[in-house]
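Survey of secondary and tertiary structure
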Amino acid sequence: MHHGNHFYGHAHVLAEYCGLDPADPPRIDGYLQHGWNVVDGLGAGTPYAPGRPIFVWSERTRRRAASMGRPLATVIGSPFLYLLESAPEDHVEREGTIWYPFHGWEGQHVDGDHRRLIDEIVATEDGPITFCLYWHEYQDARIRASYERAGRVICHGYRGYMRTQTDTRFLHKQLAELRAHRRVASNRLSSAIFYGVAAGCEPAVYGNPMRLAKEDAPTAERIRREWPELHGAQPAPAAARESAMAELGDGFLASPAELRATLGWTTAPGRTGADRKLVPA
């Protein structure tokens, strides 16, 4: 299994939905999209074995993948939507905004004025604010302290790398936080915004978008042009939800048996006790 299939506990979420052991997901027969992007759904610059299938979230992504020379793309919907199917809501009272600042990663650091962004956020939001920092910024004491002066600061966990230190409950923690907030916002359109919409939050995308080192600026500008209905401090909820759910693959979710067959899990051991009997497809 490519280690990216484990990112954010995606393989673990899908295994649980399929009735398999979420602590030990079987090997996925191909590559799983691990985050929203506007290309073929796979990680930029990551080598992949040619001729292997890829599993993407949406039909739009499948068409882009085909145009980029990856015809073996299958739409299955995002792991987050499968988690929603597996985790019924407790209907807690929602309050305030959860804000996801644009983040960097090991290969690219983000450049921008966090203090100025925080001032704009505080001036815009009308309730308590939870700032969710990506692990990369959360471990930076200086950046974290800037946000702590303005509100509650959390981190959903570590994405994982080469199948180590993966927080397999990453999406579970994210879903719980989203369900506790009325709004979800960021300075860039991202997976977190789509997840928030799916979880029932009102979305917003505003503020200094910041920049990544050596970022492809035309791509970032294209996102703002193609999804205007999701940008601004108060987007129209109906139009924003329609777009967000389409990007997550709403309407393409498979049944547990279908998903097992698609991912090559038809002979994977199920959660049936010590004897671990085979789960039929």
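Note that the coordinates shown come from a computational prediction; the quantities given were computed from them, not determined experimentally. (Residues numbered from 1 in each chain as written. Predicted model: local features only at pLDDT ≥ 70, side-chain atom pairs only at ≥ 80, totals over all residues. Heavy atoms only, no water.)

**Let's talk about the confidence of the model for the protein chain**
We count it as follows: pLDDT is a residue-level measure of predictor confidence that goes from 0 to 100. The criterion used for residue contact is that any of the two residues' heavy atoms lie within 4.5 Å.
In this model, the protein chain carries an average pLDDT of 88, and 89% of its residues clear a pLDDT of 70 or more. A low-confidence stretch, residues 272–281 (pLDDT under 50), is modelled with 19 contacts involving residues beyond four sequence positions or located in other chains.

**Some details on the side chain of His181**
Put simply, the test is: Numbering of helices and strands runs from the N terminus, with a helix taken as a DSSP run of H or I at least four residues long and a strand as a DSSP run of E at least two residues long. Three labels apply to residues, based on accessible area from a 1.4 Å probe with only protein chains included: buried if under 20% of the type maximum, exposed if over 50%, partly exposed otherwise in between. We define a polar contact as two N or O atoms separated by no more than 3.5 Å, with the added condition that, inside protein, one atom must be a possible hydrogen donor and the other a possible acceptor, whereas residues neighbouring each other in sequence contribute only through side-chain atom pairs.
With respect to the secondary-structure elements, His181 resides in the loop between helix 7 (170–179) and strand 8 (183–186). Given the relative accessible area of 5%, His181 is considered buried. Within the structure, the side chain of His181 is placed 2.9 Å from the side chain of Thr130, a separation counted as a polar contact.

**Some remarks on the side chain of Arg179**
Quick reminder of the rule: Residues counted as positive are Lys and Arg, residues counted as negative are Asp and Glu, and His and the chain ends are not counted. A pair is scored as a salt bridge if a Lys or Arg side-chain nitrogen falls within 4 Å of a carboxyl oxygen belonging to Asp or Glu.
Inspection of the secondary structure puts Arg179 in helix 7. With no salt bridge to any partner, buried Arg179 finds its closest opposite charge in Glu89, at an N-O distance of 4.3 Å. Engagement of the side chain of Arg179 in a polar contact is seen with the backbone oxygen of Ala87, the distance being 2.8 Å. There is a polar contact of 3.5 Å between the side chain of Arg179 and the backbone oxygen of Pro88. Look past the residues within four positions of Arg179 in its chain and what remains in contact with it is Leu84, Ala87, Pro88, Glu89, Val92, Arg94 and Ala199.

**Some details on the sheet that holds strand 4 (residues 97–100)**
The test is simple: For two strands to be treated as a pair, DSSP must find no fewer than two bridges joining them. Orientation is described by axes fitted as lines to C-alpha atoms, over the contacting stretch for helices, and by angles from 0 to 180 degrees between their N-to-C directions.
The five strands are arranged 7-6-4-8-9 in an open sheet whose pairing can be described as parallel. A single partner strand is all that each edge strand has here, and the edge strands are strand 7 (152–154) and strand 9 (202–205). Direction aside, the axes of adjacent strands within the sheet are offset by 25° on average. In this structure, strand 4 lies alongside strand 8, joined through four bridges in parallel fashion. Within strand 8, the residue paired with Thr97 across the bridge is Arg183.

**Brief notes about the environment of Ile98**
Looking at the element boundaries, Ile98 is found in strand 4. Take Ile98: its relative accessible area is 0%, and that puts it in the buried class. For the pair Ile98 and Arg152, spaced 54 residues apart in the sequence, the C-alpha separation amounts to 9.4 Å. Filtering out sequence-adjacent residues up to four positions away, Ile98 remains in contact with Thr130, Cys132, Ile154, His156, Glu177, Leu178, His181, Arg183, Val184 and Ala185.

**What about the environment of Thr74?**
In this structure, Thr74 sits in strand 3 (residues 73–75). For the pair Thr74 and Glu59, spaced 15 residues apart in sequence, the C-alpha to C-alpha distance is 8.5 Å. When neighbours within four sequence positions are excluded, Thr74 is seen to be in contact with Ile54, Phe55, Val56 and Thr262.

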